[in-house]
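A look at the structure
Each chain, written out:
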Amino acid sequence: MSSHHPLTQRPAWLALRDHHAAIRDLHLRDLFKTDPARGERMTATAVGVFLDYSKNRVTDETLKLLLGLADECGLRDRIDAMFRGDKINVTEKRAVLHTALRAPRGTKILVDGQDVVSDVHGVLDKMAAFADRVRSGEWTGHTGKRIRTVINIGIGGSDLGPVMAYEALKHYSDRGLTLRFVSNVDGTDITEATRDLDPAETLFIISSKTFTTLETMTNARTARDWSLAGLKDEKAVAKHFVAVSTNAEEVKKFGIDTANMFGFWDWVGGRYSMDSAIGLSTMIAVGPAGFRDMLAGFHAMDEHFKTAPFAQNLPVLLGLLTVWYTNFFGSETVAVLPYDQYLKRFPAYLQQLTMESNGKRVTLDGTEVDYQTSPIYWGEPGTNGQHSFYQLIHQGTKLIPCDFIAFAKSLNPSGRHHDLLMANVFAQAEALAFGKTAAEVKADGNPDWLVPHRTFPGNRPSNTLLLDHLTPAALGSLIALYEHSVFTQGTIWGVNSFDQWGVELGKVLAQRIVPELEAAGDPPLAHDASTNALIRRYRKMKG
Ligand code: F6P
């Protein structure tokens, strides 16, 4: 039941504010002492993902109030509206239907009277046929050679998901094929990606929802020049370039046959698109069956999000806990710490998903918010982070809620490695929560002057996500978990999680500056004094 008060005037928000004042100094040590069962009770499982949220600074009352806030903010209605295909991306007047990308064949979801699920499966089938041809060697390059390297050119949502998934699912990938990714407009990226390759064995996937993005189109043109310099025949483009886009006209203009184009739709946001045709590189790497397993994992989490009571709903719980720390404890960041080497790009992927979605300063009706929105997401795989920035999380002055992600089984069992890895996950969460008191440090025989330095205050919250092992399905479920946590947060904050106007101004200004860098003579500059001076200095330095 949604109330019409502004967020900070809602009864649940006010109750949470008072409740926070009452419990903010409670220590996790005491919460566990008075309620030893919380380690088993404050957990939830869905689709093979086990969440232990007991090491959070919450009581049963906190959870009750947070769940009340979700109700007051109309989370149930918003979920239904999203899944139904309502145009909830109001500033772009679009439906938000990444969930349709993984809906099973035969499901019906209508957008403007058109069933989008049959469209989705049409594209998936076309991708599968193409991926099979590349993997089997049936699809050859212009000279008849087999494709050995596939380079995905894209940026943002047309890059981060494919990069992350290739790394995450490497165990399942065809090792006879190498995938590379080019995103940066810095010429070093494409140069390094192609320098040791034979154009006759290299296939480019140009991935761009709009097919107008400066970085991607610049890299795509350079790739075409590189390819044609080696193959010396315009006709080679048809065998070495395919496109993933919503913009058939621009694809044609670029010279790619639209028969070799894989489409998607404006109701798929860039950062929610790795399971659309944007995942073509992923499908080539792991095969159509692996890709479909990943989609099934996404879908299972979608169903859980849509149907599970909020008190047991993983994305809802994660999202509400983030709101709790962001808005009541004043936390500014969330650390995501995967204890799996294959997930090394997962934090980078989550940065776009979370911050491009909820990095917003006005609500859906344009009112400026008077509370914090998205925290900064960051992280590195464990155990590497432990030897780098964990010091600050343990003993620094900032409260940084952490998500630990771990798997019970390694895909590369090797001696004691996995037990050692897992011992570290459990130890870090334990140390953060419970710390080490001054009395304990002293009892270890430390001199008084050293005691404060070696004391761990503890009371630093974390979630632990434990899964069986990293499969395509598990990856899909994990990503959907964060997508829907972001949705939950965005719903509480009342923002549009699906537009990204904040990236526009810089793009426009860059387009204005480009001719000023390239013009001959001394072009007139009408920027501020700093920008003018930097441009002049650069022009002089570049010679
Ligand atoms: O600039 C931001 C952005 O629009 C992202 O949202 C998007 O994922 C990325 O650029 C790439 O856009 P496109 O797929 O259209 O090239």
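The numbering scheme is per chain: residues are counted from 1 as the chain's sequence reads. Whole-chain, interface and lining totals are the exception, using all residues; otherwise, since this is a predicted model, local features are given only for residues with pLDDT of at least 70 and side-chain atom pairs are given and counted only at 80 or more. Water and hydrogen atoms were dropped before computing side-chain values, which therefore reflect all heavy atoms in the structure.

1. Re empty space enclosed by the protein
Our working rule: Grid spacing is 1 Å over the protein atoms alone, the probe is 1.4 Å, and a cavity is where that probe fits but cannot get out, while a pocket is an open set with protein on both sides within 12 Å along at least five of seven lines and lining residues have an atom within 4 Å of a point. Grid points are joined across faces, edges and corners, and a volume is the space filled by probe spheres set on the points. Only DSSP runs of H or I reaching four residues or more are called helices, and only runs of E reaching two or more are called strands; each is numbered from the N terminus. The classification used treats Ala, Val, Leu, Ile, Met, Phe, Trp, Tyr, Cys and Pro as nonpolar, Asp, Glu, Lys and Arg as charged, and all other residues, Gly among them, as polar.
Evaluation of the coordinates by the stated rule reveals three cavities of 30 Å³ or more. What the largest cavity holds in volume is close to 100 Å³. Every residue lining the largest cavity is counted, 14 residues in all, and those nearest its centre are Leu318, Thr322, Val334, Asp403 and Asn463. Listing elements by their share of the lining of the largest cavity, those giving two or more residues are helix 13 (314-329), strand 12 (402-407), strand 13 (462-467) and helix 19 (472-493). Among the elements that line the lining of the largest cavity, the one with the most residues is helix 13, at four residues. Among the residues forming the lining of the largest cavity, the class breakdown is eight nonpolar, five polar and one charged. Around the second largest cavity, the lining residues are Leu101, Val120, Val123, Leu124, Met127, Gly263, Phe264, Trp265, Asp275, Ser276 and Ala277. Here the element with the most residues in the lining of the second largest cavity is helix 6 (residues 116-136); it accounts for four residues. Split by residue class, the lining of the second largest cavity holds eight nonpolar, two polar and one charged.

2. Here we look at the sheet that holds strand 9 (residues 261-263)
Quick reminder of the rule: Strand pairing follows a simple DSSP-based rule, namely that at least 2 bridges must link the two strands. Axis definition: a line fitted to C-alpha atoms, over the contacting stretch in the case of helices. Angles run 0 to 180 degrees between N-to-C directions. Here, two residues are considered to be in contact whenever any of their heavy atoms come within 4.5 Å of each other.
The strand order across the open sheet built from five strands is 6-5-7-8-9, with neighbouring strands paired in parallel fashion. Pairing within the sheet leaves two strands with one partner each, and these edge strands are strand 6 (178-182) and strand 9. Taking the axes of each pair of neighbouring strands and ignoring which way they run, one obtains an average angle of 20° across the sheet. One ladder, built from four bridges, connects strand 7 (residues 202-207) with strand 8 (residues 241-245); its direction is parallel. Opposite Phe204, over in strand 8, you have Phe241 as the bridge partner. The strands touched by helix 6 are strand 7, strand 8 and strand 9; relative to strand 9, the strand with the most contacts, the crossing angle is about 145°. Seen against the sheet, helix 8 (residues 187-194) touches strand 5 (149-153), strand 6 and strand 7 and runs at an angle of roughly 165° to strand 6.

3. Description of helix 5 (residues 75-84)
Which entries qualify depends on this criterion: Exposure is judged per residue with a 1.4 Å probe applied to protein chains only, and the accessible area is read against the type maximum: over 50% gives exposed, under 20% gives buried, and values in between give partly exposed.
For helix 5, the complete set of buried residues consists of Leu75, Ile79, Ala81, Met82 and Phe83. Lining the buried residues of helix 5 we find helix 4 (60-72), helix 12 (280-307), helix 13 and helix 19.

4. What about the UniProt feature "active site" (unreviewed entry) in the chain?
Put simply, the rule reads: UniProt positions are given in the numbering used here, feature names are shortened, and annotations may be inferred rather than shown by experiment.
Cross-referencing UniProt, the feature "active site" (unreviewed entry) maps to Glu356, His387 and Lys507 in the present numbering. Separation in sequence by 152 residues is matched in space for these annotated residues, since their most distant C-alpha atoms are 37.4 Å apart. Those annotated residues lining the largest pocket are, specifically, Glu356 and Lys507. Take Glu356: it is sitting in helix 14 (residues 346-358).

5. Notes on the site of the ligand
Test applied: Each residue is tested against the molecule or strand, and it is near if at least one of its non-hydrogen atoms lies within 4 Å. Counting of polar contacts relies on pairs of N or O atoms within 3.5 Å, with two restrictions inside protein: one atom must be capable of donating a hydrogen and the other of accepting it, and residues adjacent in sequence are counted only when both atoms are side-chain atoms. Residue burial considers only the protein chains on display, and all accessible areas are found by Shrake-Rupley using a 1.4 Å probe. For this analysis, a molecule is said to be in a pocket or cavity if more than half of its atoms are within 2 Å of the grid points defining it.
Taken together, 14 residues are adjacent to the ligand, and Ser158, Ser208, Lys209, Thr210 and Thr213 come closest. Taking Ser158, its side chain carries an N or O atom lying 2.6 Å from an oxygen atom of the ligand. For the ligand, the accessible surface in isolation is 400 Å², of which the surrounding protein chains cover 88%. Of the pockets mapped on this structure, the ligand occupies the largest pocket.

6. Section: the packing of helix 1 (residues 11-23) against helix 13
Geometry of a packed helix pair, given as the angle between the helix axes and the separation of the axes. Here is the rule: An angle below 35 degrees is read as roughly parallel, one above 145 as roughly antiparallel, one from 65 to 115 as roughly perpendicular, and any other as oblique.
Packing of helix 1 against helix 13 leaves a shortest axis separation of 11 Å and a crossing angle of 75°. Judged by the inter-axis angle, helix 1 sits roughly perpendicular to helix 13. Contact residues: helix 1 offers Trp13, Leu16, Arg17, His19, His20 and Ile23, while helix 13 offers Trp324, Asn327, Phe328 and Phe329. Its residues placed into classes, the contact of helix 1 with helix 13 shows six nonpolar, three polar and one charged.

7. Re the nonpolar core
One recurring pattern in soluble globular proteins is that nonpolar side chains are buried together. To keep it simple, the criterion reads: Put simply, a nonpolar core is a bunch of buried Ala, Val, Leu, Ile, Met, Phe, Trp, Tyr and Cys residues held in one set by side-chain atoms that sit within 4.5 Å of each other. For the domain bounds, the source is a domain assignment made automatically or taken from a database.
One finds Trp267, Phe346, Ile405 and Leu475 to be the most contacted residues of the largest nonpolar core, which totals 122 residues. Structurally, this core is a two-domain feature, drawing no fewer than three residues from each of domain 1 (11-84 + 292-493) and domain 2 (98-286). Setting aside its immediate chain neighbours within four residues, Leu475 contacts Met164, Ala165, Ala168, Leu169, Met294, Leu343 and Leu470. In this structure, Ala223, Leu231, Ala243 and Val251 belong to the second largest nonpolar core, which totals 23 residues.

8. Side note on the domain arrangement of the chain
Domain boundaries in the chain define domain 1 (11-84 + 292-493), domain 2 (98-286) and domain 3 (504-542). Here the C-alpha centre of domain 3 lies 44 Å away from the C-alpha centre of domain 1.

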